[in-house]
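Below, each chain spelled out in residue letters.
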Amino acid sequence: AAFEVPNRLPIVVGAPGLGKTTLMRQLSMARHRRSVMVQASAGLNASNLLKRLALAAELPLLNRLDPPMAQAETMLGQLQDREIKLTVMVDDADRLPLQTLAVLVHCLAKQADAPVRTVEILMLGQATLVERAQSLTLGGDQGIHVEPIVLQPFQQDDIAHYCFSRMRSAGWRGMMPAISKHDSAAIMERTAGLPSALNTVIAEHY
């Protein structure tokens, strides 16, 4: 739903192992748009990112001699002309160089008054990403509001239902296995409620 709110930049934050990358993949399959999933790195400059987006949308290559902000505006115009809607999801976005992050924020700011976004952007990463993005929205790209979405570990009472849902998605058609409070407590102690660690336990025992 955060995609649909005007002038919002949703940022999913949480510790490693909480399922941010899995969430990104599920959202990509659910969106009725072209989706681009980007694994961020400290070396991903703005021009290379924009080139990747243009290729995903089957647009003409951008003029890399233009400044990145100008390239971004050219790409937005091409998308609008061709009525192409693009969803961009950036994992580990806290690792992006500041200029690359600024170009993504600028893409949203240029669409602030549009009734429908040509480019949607979702970022996933660590909590420091929120502060970095907010520092950019307080400058020339006014009107964009950062919306943190904080993922939390599972609580002990959630473990049995999570295990069952994962087993069902893997093809299990039996009854829900009995997981005692003692077993749930032991699983909680071992996994700290992190989905990635829970998945390992499920694979070992069920």
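Further up the page is the structure itself.
Thoughts on the overall build of the protein chain
(1) Moving on: Within the protein chain one finds 8 helices and 5 strands.
(2) Moving on: Reading the secondary structure of the protein chain in the N-to-C direction produces β-α-β-α-α-β-α-β-α-β-α-α-α.
(3) Moving on: With respect to the principal axes defined by its C-alpha atoms, the protein chain has extents near 60 × 35 × 30 Å.
(4) Moving on: Out of the 206 residues in the protein chain, the part that is buried amounts to 43%.
(5) Moving on: When contacts within the protein chain are restricted to residue pairs at least 6 apart in sequence, those whose partners lie at least 24 apart make up 72%.

So, the sheet that holds strand 4 (residues 119-125)
(1) Moving on: Taken in spatial order, the 5 strands make up an open sheet running 2-3-4-1-5, and their pairing is parallel. If you trace the sheet from one side to the other, it starts and ends with strand 2 (34-39) and strand 5 (145-150), each paired once. On average, each strand axis in the sheet is tilted by 20° relative to the strand beside it, whichever way the strands run.
(2) Moving on: Across 3 bridges, strand 1 (residues 8-13) lies against strand 4 in parallel orientation. Bridge pairing links I11 to M123 in strand 4.

Concerning the pattern of salt bridges
Where charged atoms of side chains with opposite charge meet at close range, the side chains can pair.
(1) Moving on: Under the criterion given, the structure shown has 2 salt bridges.
(2) Moving on: Residue E147 pairs with R8 through a salt bridge whose shortest N-O separation is 3.8 Å. Residue E147 is located in strand 5, and its partner R8 is located in strand 1; the two are separated by 139 residues in the primary sequence.
(3) Moving on: Judged by its relative accessible area of 25%, E147 falls in the partly exposed class.
(4) Moving on: A relative accessible area of 27% means that R8 is categorised as partly exposed.
(5) Moving on: For the salt bridge of R34 with E58, the shortest nitrogen-to-oxygen distance reads 3.9 Å. Of this pair, R34 sits in strand 2 while E58 sits in the loop between helix 2 (46-56) and helix 3 (68-82), placing them 24 residues apart in sequence.
(6) Moving on: Residue classification places R34 among the partly exposed positions, given a relative accessible area of 33%.

Side note on the pairing of strand 3 (residues 86-91)
(1) Moving on: Here strand 3 lies mainly inside the structure; 6 of its 6 residues are buried.
(2) Moving on: What you see with strand 3 is no split at all: L86, V88 and V90 on one side and T87, M89 and D91 on the other are buried throughout.
(3) Moving on: The sheet contact formed by strand 2 and strand 3 spans 6 bridges and is parallel. Residue pairing for strand 3: V36 is matched across the bridge by V88.
(4) Moving on: When strand 3 meets strand 4, the two strands line up parallel, connected through 5 bridges. Each residue of the ladder has a partner; that of V90, found in strand 4, is M123.
(5) Moving on: Note that the unit made of strand 3, helix 4 (residues 98-109) and strand 4 has a crossover that is right-handed.

Things to note about helix 5 (residues 128-137)
(1) Moving on: Three or more residues of helix 5 are buried, namely L129, V130, A133, L136 and T137. Along the axis of helix 5, the buried positions cluster into a sector of 125°, meaning they face one direction only. Opposite its buried face, helix 5 presents the exposed residues T128 and E131, each directed more than 90 degrees away.
(2) Moving on: Structurally, helix 5 contributes buried residues whose contacts are with strand 1, helix 4, strand 4 and strand 5.

What to know about the side chain of K20
(1) Moving on: Mapping K20 onto the fold places it in helix 1 (residues 20-30).
(2) Moving on: The side chain of K20 sits in the buried core without any salt bridge; D92 is the nearest counter-charge, 6.1 Å away.
(3) Moving on: A distance of 2.8 Å separates the side chain of K20 from the backbone oxygen of G14, its partner in a polar contact.
(4) Moving on: Of the polar contacts made by the side chain of K20, one reaches the backbone oxygen of A15; its length is 3.2 Å.
(5) Moving on: In this structure, K20 is in contact with V12, V13, G14, A15, L124, G125, Q126 and L151, ignoring residues within four places of it in sequence.

Rules used in this analysis
Residues numbered from 1 in each chain as written. Predicted model: local features only at pLDDT ≥ 70, side-chain atom pairs only at ≥ 80, totals over all residues. Heavy atoms only, no water. Helix = DSSP H or I, 4+ residues; strand = E, 2+ residues; numbered from the N terminus. Buried < 20%, exposed > 50% of the residue type's maximum accessible area, 1.4 Å probe, protein only. Contact = heavy atoms within 4.5 Å. Pairing = 2+ DSSP bridges. Axes fitted to C-alpha atoms, helices over the stretch in contact; angles between N-to-C directions. Salt bridge = Lys/Arg side-chain N within 4 Å of Asp/Glu carboxyl O. Right-handed = clockwise from strand over helix to strand, strands pointing away. Arc of directions from axis to C-beta. Lys, Arg positive; Asp, Glu negative; His and termini not counted. Polar contact = N/O pair within 3.5 Å; in protein donor to acceptor, adjacent residues only side chain to side chain.

Just geometry here; none of it tells us what the structure is for.
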